[in-house]
Structures are given as C-alpha cells and as structure tokens.
Amino acid sequence: MRILVIEDDEILFDAVRTGLVLEGFAVDAVETIADAREAAASVDYDAVVLDVGLPDGTGLDLLREWRKAGRSVPVLLLTARNSTRDRIEGLDSGGDDYLGKPFDLHELAARLRAIARRAKGNASPALSWGDYTLDSASRELTRSGEAVALSRREFALLEALFEQPGRIFSRAQLEERLYGWQDDIGSNTVEVHVHKLRSKLGREVIQTVRGQGYKVARP
Amino acid sequence: MRSLRVRLFVLLAAMTVLVWSSAAIWIYASTRADVQRVLDRRLVEAAGMVASLATDAEDLLVRRPNQSRLVPLPHYSRQLSCQIWTLDGRLVGRSSGAPSQPLADGRSGFSERVISGETWRVYTIADPARQIRVSVGDNLRVRQRLIGDLMLGLLAPAIAGGVALAVLIWAAVGAGLAPLREVARLLARRDPSDFSALGIARPTEEIRPLIAAIDSQFARLEQLRADERHFIASAAHELQTPLAGLRAHADIASMTDDAATREKSLHSIRKSVDRTARLVGQLLDLSREESGEPLPRQWVSVAAAMDGLSDEFSNDLRRADVKLVAIDTVVDLDLHIAPASLLLALRNLIKNAIDHSPLGSAIEISAEQRGDCVALCVRDQGPGIPADELGKIRGRFVRGARTRGPGSGLGLSIVELVLSQIGGTLHLRNLAQGGFEAAIVVGPDLTRRREIRLGAESQAHTVSKGSQGSN
C-alpha cells in the first residue's frame, strides 16, 4: 500500500516514514504543500497522512482543494490541534480520519489500513480469495488455515491484487504501489515477485493478461 | 460617609433646613412688623371711635361724677384698654380691666409705658375743644402671644412638610443614583470570566466616562486573556509535535530488529529531547521576562558576555563547523543592561545564526554607530529570510517557511521582549553581500566605550587573574 506523508517536522517526518515502512507500507514523504501537490499529481496513493500545520499553509486548504477537484484519496489528518472543534473542522473539510499528536505508530498504521480498505469498498480487514485469507493487519497469508510465508513486497503485491479481484494491474501500477521514491527498485522488479509468489502459491492464483499486466480472477 | 445616598441626603437636608430656617426668620420678622402695624391701626381707630362717642369734659364730669358712671363706654375686647382723661388730668372714664394709672404721659400719638409690670402700647388723642384726652392701649404680652401663635401655626405644617420632604429627598436621591446602582449590580452579578462590555444602552452622562473606562478595561483584559490563551495553546501545540516525534521513534526502536534503524531512532529521540528542552527553556525565559520584576541594570562588557557565550556554544559551533568572531568594535563596548538580559538576547540571536549558518562559515559580532544609537550586530552567512517573511518573523511560534532547523519560533520574541524593557529595538535585515543581520539597537545613554589599557601591565593582570582562576 503506498502512502503519502505530508509532515514538516524533521524528526516526526523521519519517524512516520520509517515507522510506516516497518508496518509494510510504501511511503513517500514531503514537507510542504507545494511538494504534496506535485507528488499527488504523479502518483495514485492509497492513503495520505496530512499534517494540518505546514510551513506554506494549512493542510486543510490542500484537503479542500483536492476534494473540490474530485480527488477521493483517503486522508488521515495528523495534528497537534486536537480539540473537538478542530476534529470536526478537519473531518468536514473532507478528512477521512483524524489523529492527534502524539500518537501510536501502530494506531496510525491501523487507521491508514482502515481508511484505505474502506475506500476500496472492503469492510473486512481480511481479504479472502478462494482458500486464501490475507490479513493486512498481521500481514499474514493463510491457505486453508495454514500460514504461507511471504516477503514484505510479495505480500503487498498480493494484497493489491486481492483487494480488487478481476482488476488488471499493469506493471507500472504495481510498481507504484510497492515502491516509494526512497526505495531502490533495482532487480527486484514486479516480475520477480510474481515469479516467487507463483512458486509459493501455484500458478493458478496470479494470471498474466498478455500485454496488460496481472490480475487474480474474480472468485 | 460610606454611602453616597446618605451623603447626598445629608447635604440636601442640611441645605433645606438652612433655607427653611432663613425663611422662618424672615417670616417671623415681617409678620411681627405686619401685626404691629395692624394692631397700631386698630389702636388709632379705637381711640378715634371712643373720642367721637364722648361728650365734652364738663358734661362727663357733671353727669358722671364717679368713675362708675363711666361704664357705659363701648366695651372692647379684653385686649384693648381705654381711658378718657380731662386735659387737666382727671380720669373721667375707663374700660373694664383698664389700669387706673394713666396709660400715657399726656402726649398725643403713640407711646409705650410699663404699668405694674405690664408693657402697654398706647395711642392718645387730645381734643382741646371738648377738653378731653382719649388713650387706647394694647398689652404687649398679648401682642407677643398673638405673634407666637401665628408662628406656631406656621411651624406645624413646616414640620410635617419637612418630614415629607425628607422622605421625598431620600427617595429622589435613590432614584437619581439608580444608574450607578445598575452599574454596581451588573458588576456584582458578573461572571468572573465574563469580559464583555457592560452593555448599558444609554448611560447617564456623568457615569459615561466610568462605564467607558470599565468597558475598555474589560476589553483590554479580554484581549490579554485571548493572547494568553493563544500563547498557551501555541505552546502546547509546539510541544505536541516533538512529543509525537519522540513517541513515534520510541515505537520504531521497539518495533525494529534492525540495529541501524534502532540507532537512528535513538539518535532522533535524543535530538527531539534537546529540542523540546530548548523550547521549554525558552518558554520559561519568556514567562520570566514577561512577568518578573525588571532585573537591576549595570554596565556590562559585551566582550565578556561574548566570551561566556562562545564557551557555552562551543559544542554547537564545533558541530555546525561555524566560527564565532567578535570584531574589535565590540571589545570596548559596555551596555547598561541586566547581565542576564544581555546574555538571553545574544544567546537567542547567536543560536539562530548558528542554526542558519552554512558549514565552515563565520558569525560576526560587531558594533556600529547608527545615528545617535549604537547597534550590536550578529551577522551570519546563511540564506537570510525572504523579504515577505521579514515582517512576520518576530511573532511567537513563527518560523521561516523554508526553515527546517530546530527553532521554536520564540527566540526573536524573547529578544524583542528583553529589549523593550530597556527601550532598545531589534532590527532584522538581509545583507546585500548575502547573509542575515540581527541588530540590537540601543540609545546612547545605554552605551559607553570603556578605556582599554594596553600593554604589559594589563596583560600581566589578565595572566595573573587567569592563573588565580586555575588554582
């Protein structure tokens, strides 16, 4: 799941980025509204962590701007201004969730998973496909109750496919979802991960759509 | 007198009593004169009437050789006494109750005479044709009683009127003071946290200044409280972010298995703690400067302050690879300021300069004359502040938009606050040759140039002092 973090405090910026990567997200982080605008224009994020107080304006303005332009990306507002009135204003400006500083990193990750899940129309935290159950919170894949060990990227790739069965993802789309700007894609390309997944799960799970990309069949 | 109402009442009552007493004296005097005149006229008329009724003296004497025969004289009220004398001094008639001694001494017209302890006012007519003299007299005691009764008759309604007036004055003073009472009532009933205007629609002219003063005081308090609240909220907000960073890095350190990531997080935690400590320190400085008694001022050597600060900042300077250079113009400069205040101001300016200095650059401290004033300048070689931000940068918790340093946005406020207490100002500008200058500008009365003794003697002195210090 690819997340955009917009946070201007150097130390917190570092912490959120590192923490969310540890939680299995692909994370891009920027410090200003101008940079956030640019990032959001080029990448389709699964969710955004938006600090309200930013050096070049308030995050709420950016949020309203996005909502007005029809961008529906789930946004979690992160702010030190944590009064009821502030929370109401944040949510009414188009925020999907609100988290006051200081916060627990696990909670931030869980809330991000929740708003991203709902944005894709899934209520249950566990994705099922055939015999498989994929739990985003514990980052576990089970087949008929038996755990299947996956790497972080393999899990993320399978999660993307399971979230929207039947949808065809191009290589670029999957790459976008798996890697932040920080990450060195190198030789660990999407093909390599698909290959590894197929060797663990069997060939029938992930289908190649010639010339377009990959999908899992609708169950 | 503690009550305005009682005070006004006493004043008004005293004045009323005074006016009424004067009026009473006047009425007494004029009534007395009127009564005298009227009664005198009665005497004249009575005397005339008696004289006209009497026959001549011979006839009276013949027909009535004894006084008893004179009784049929017209009977007047007991207030009046009448005597008829012959011109040669024989009493030929008198009214009942009239004394037998002559009422008058024989002269015509008005006279007064004391007869057996009673004073009589007498009018006498002599009639030479009939050889008689008629005297009619009033007993003055009776006259006095008449005037006394008249005055008493006036006094009773006056007392009743006075009591009624007192009640009315009391009520009227009460009603007149109603606007004041209203203000007092509004103030007494007011919630202590309510700083809104009193809201008196049409205040009485006299209390308008009072209400205006109260309202403006309330407005000022309200503003102060709003500022304070905003400051506290901002301070709390400023603390939340580093706390969030601390918390998140602590989470990471306990989550990760990777030693390098953990080490990095621990490093961030240390950095965040330092920053939070600095922020808290600055908040304390600010509140101390704002609420504390002004510290006693003395002549402080800027060079000595600089020495102390360069020691204090030696670690920061080394880490940032920045040199702190004092130009000779400050060597002999003294400022009249509390030493702690000078240190506080310079510390904040130098810290800012260090935070914004590029690696390997220098921070220059210099002094220069600007008109009458002296400017103590802290110059760095950093990127400066965009022109549109220069105006706002002094605000509390305001940081430059491009700033990524550890500043809290309080430093310049602290410097301004310190300077405002000695009448100095803080001048900020980007330098034409690059870099930024923050200047403490103070008036000529707060600066002096110290005479520097150069040569062996002073050096020896310094050395000996140094060696003493190291022992």
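Residues numbered from 1 in each chain as written. Chains lettered and ligands numbered in written order. Predicted model: local features only at pLDDT ≥ 70, side-chain atom pairs only at ≥ 80, totals over all residues. Heavy atoms only, no water.

Caption draft 1: Seen up close, the overall build of chain B. Looking only at helices and strands, one finds 12 helices and 13 strands in chain B. Out of the 471 residues in chain B, the part that is buried amounts to 37%. Put simply, of all contacts in chain B between residues at least 6 apart along the chain, 64% involve residues at least 24 apart. As presented, chain B carries roughly 26900 Å² of accessible surface, and 59% of it is formed by carbon and sulfur atoms. (Helix = DSSP H or I, 4+ residues; strand = E, 2+ residues; numbered from the N terminus. Buried < 20%, exposed > 50% of the residue type's maximum accessible area, 1.4 Å probe, protein only. Contact = heavy atoms within 4.5 Å. Areas by Shrake-Rupley, 256 points an atom, 1.4 Å probe, with all protein chains shown as cover.)

Caption draft 2: Examining the pattern of salt bridges more closely. For the coordinates displayed, the defined rule picks out 48 salt bridges over all chains. Note that Asp14(A) is salt-bridged to Arg17(A), the shortest N-O span being 3.5 Å. Taken together, the residues Asp14(A) and Arg17(A), both in helix H1 (residues 10–22) and 3 residues apart, mark about one turn of the helix. Residues Asp332(B) and Arg449(B) are paired through a salt bridge, measuring 2.8 Å at the closest nitrogen-oxygen approach. Taken together, the positions of Asp332(B) in the loop between strand S7 (323–326) and strand S8 (333–337) and Arg449(B) in strand S13 (residues 447–449) put the pair 117 residues apart, joining distant regions of the chain. (Salt bridge = Lys/Arg side-chain N within 4 Å of Asp/Glu carboxyl O.)

Caption draft 3: Representation of the packing of aromatic side chains within the structure. Residues and elements named next belong to chain A. For the structure shown, the criterion picks out 6 aromatic pairs over all chains. Measuring from ring centre to ring centre gives 5.9 Å for Trp129 and Phe162, while their planes differ by 20°; the resulting arrangement is stacked. Here Phe162 lies in helix H6 (residues 152–163) and Trp129 lies in strand S8 (residues 126–129), a separation of 33 residues in the sequence. Accessibility expressed as a relative area gives 12% for Trp129, which makes it buried. (Phe/Tyr/Trp six-rings, centres within 6.5 Å; stacked < 30°, edge-to-face > 60°.)

Caption draft 4: Expanded view of the nonpolar core. Leu346(B), Ile350(B), Ile365(B) and Leu376(B) are the most contacted members of the largest nonpolar core, which totals 51 residues. Of the domains in this structure, domain 2 (208–285) and domain 3 (295–469) of chain B are the two that each give at least three residues to this core. Dropping the residues within four chain positions of it, Ile365(B) is found in contact with Met306(B), Leu324(B), Val325(B), Ala326(B), Ile327(B), Val330(B), Ile350(B), Leu376(B), Cys377(B) and Val378(B). Of all hydrophobic cores here, the second largest spans 26 residues; its members include Val16(A), Phe25(A), Ala116(A) and Ala248(B). (Core = buried A, V, L, I, M, F, W, Y, C linked by side-chain atoms within 4.5 Å. Domains from an automatic or database assignment.)

Caption draft 5: Examining helix H2 (residues 33–42) of chain A more closely. Residues and elements named next belong to chain A. For H2, the set of buried residues is Ile33, Ala36, Ala39 and Ala40. Taken around the axis of H2, the buried residues stretch over an arc of 120°, which confines them to a single face. Exposed side chains of H2 directed beyond 90 degrees from the buried face belong to Glu38, Ala41 and Ser42. Tucked inside the fold, the buried residues of H2 contact strand S1 (2–6), strand S2 (26–30), strand S4 (53–54), strand S5 (57–58) and helix H3 (59–68). (Arc of directions from axis to C-beta.)

Caption draft 6: The arrangement of unusual backbone geometry in detail. In this structure, the amide linkage connecting Lys101(A) to the following residue, Pro102(A), adopts the cis form with an omega of -10°. Relative to the helices and strands, Pro102(A) resides in the loop between strand S7 (97–100) and helix H5 (105–119). Not every positive phi belongs to a glycine, and Gln131(B) is a case in point at roughly 65°. Among the secondary structure elements, Gln131(B) is positioned in the loop between strand S4 (118–127) and strand S5 (132–139). Phi at Asp321(B) takes a positive value of approximately 55°, unusual for a residue other than glycine. As for its position among the elements, Asp321(B) is in the loop between helix H8 (314–320) and S7. Its relative accessible area of 45% is what places Asp321(B) among the partly exposed residues.

Caption draft 7: Representation of the side chain of Arg113(A) within the structure. Relative to the assigned elements, Arg113(A) resides in helix H5. In this structure, Arg113(A) is in contact with Met1(A), Glu23(A), Phe25(A), Ser136(A) and Ala137(A), ignoring residues within four places of it in sequence.

Caption draft 8: The arrangement of the interface of chain B and chain A in detail. Taken together, the contact pairs 23 residues of chain B with 23 residues of chain A. Across the interface of chain B and chain A, roughly 2300 Å² is buried in total on both sides, 59% from carbon and sulfur atoms. At the junction of chain B with chain A, the criterion picks out 4 salt bridges. Where Asp9(A) meets Arg275(B), a salt bridge forms, and the shortest distance between an N and an O atom there is 2.3 Å. One can count 6 residue pairs in polar contact (both at pLDDT 80 or more) joining chain B with chain A. When residues of the side of chain B that touches chain A are traced back to their parent elements, those giving at least two are helix H5 (208–255) and helix H6 (259–291) of chain B. Taken together, the residues of the side of chain B that touches chain A sort by class into 7 nonpolar, 9 polar and 7 charged. (Buried area = accessible area lost by both parts, 1.4 Å probe. Polar contact = N/O pair within 3.5 Å; in protein donor to acceptor, adjacent residues only side chain to side chain. Nonpolar A, V, L, I, M, F, W, Y, C, P; charged D, E, K, R; others polar.)

Caption draft 9: Examining the packing of H6(B) against helix H11 (residues 411–420) of chain B more closely. Residue and element names in this part refer to chain B. Interaxial distance between H6 and H11 falls to 10 Å at its minimum, and their mutual angle equals 20°. When the interaxial angle is binned, H6 and H11 end up roughly parallel. In terms of crossing hand, the pair formed by H6 and H11 is left-handed. Within the contact between the two elements, H6 uses Gln282, Asp285, Leu286, Glu289 and Glu290 and H11 uses Gly411, Ser413, Ile414, Leu417 and Val418. Partitioned by chemical class, the residues of the contact of H6 with H11 number 4 nonpolar, 3 polar and 3 charged. (Axes fitted to C-alpha atoms, helices over the stretch in contact; angles between N-to-C directions. Parallel < 35°, antiparallel > 145°, perpendicular 65-115°, else oblique. Left-handed = near helix turned anticlockwise from the far one by under 90°.)

Caption draft 10: Focus on the sheet that holds strand S11 (residues 425–430) of chain B. All names here are of chain B. Read from one edge to the other, the open sheet built from 5 strands follows the order S7-S9-S10-S12-S11, with strand pairing classed as mixed. Only two strands of the sheet have a single neighbouring strand rather than two, namely S7 and S11. Across the sheet, the mean angle from the axis of one strand to that of its neighbour is 20°, orientation sign disregarded. Together, S7, strand S9 (362–370), strand S10 (373–380), S11 and strand S12 (436–442) form the strand contacts of helix H9 (residues 339–356), whose direction differs from that of S10 by roughly 30°. (Pairing = 2+ DSSP bridges.)

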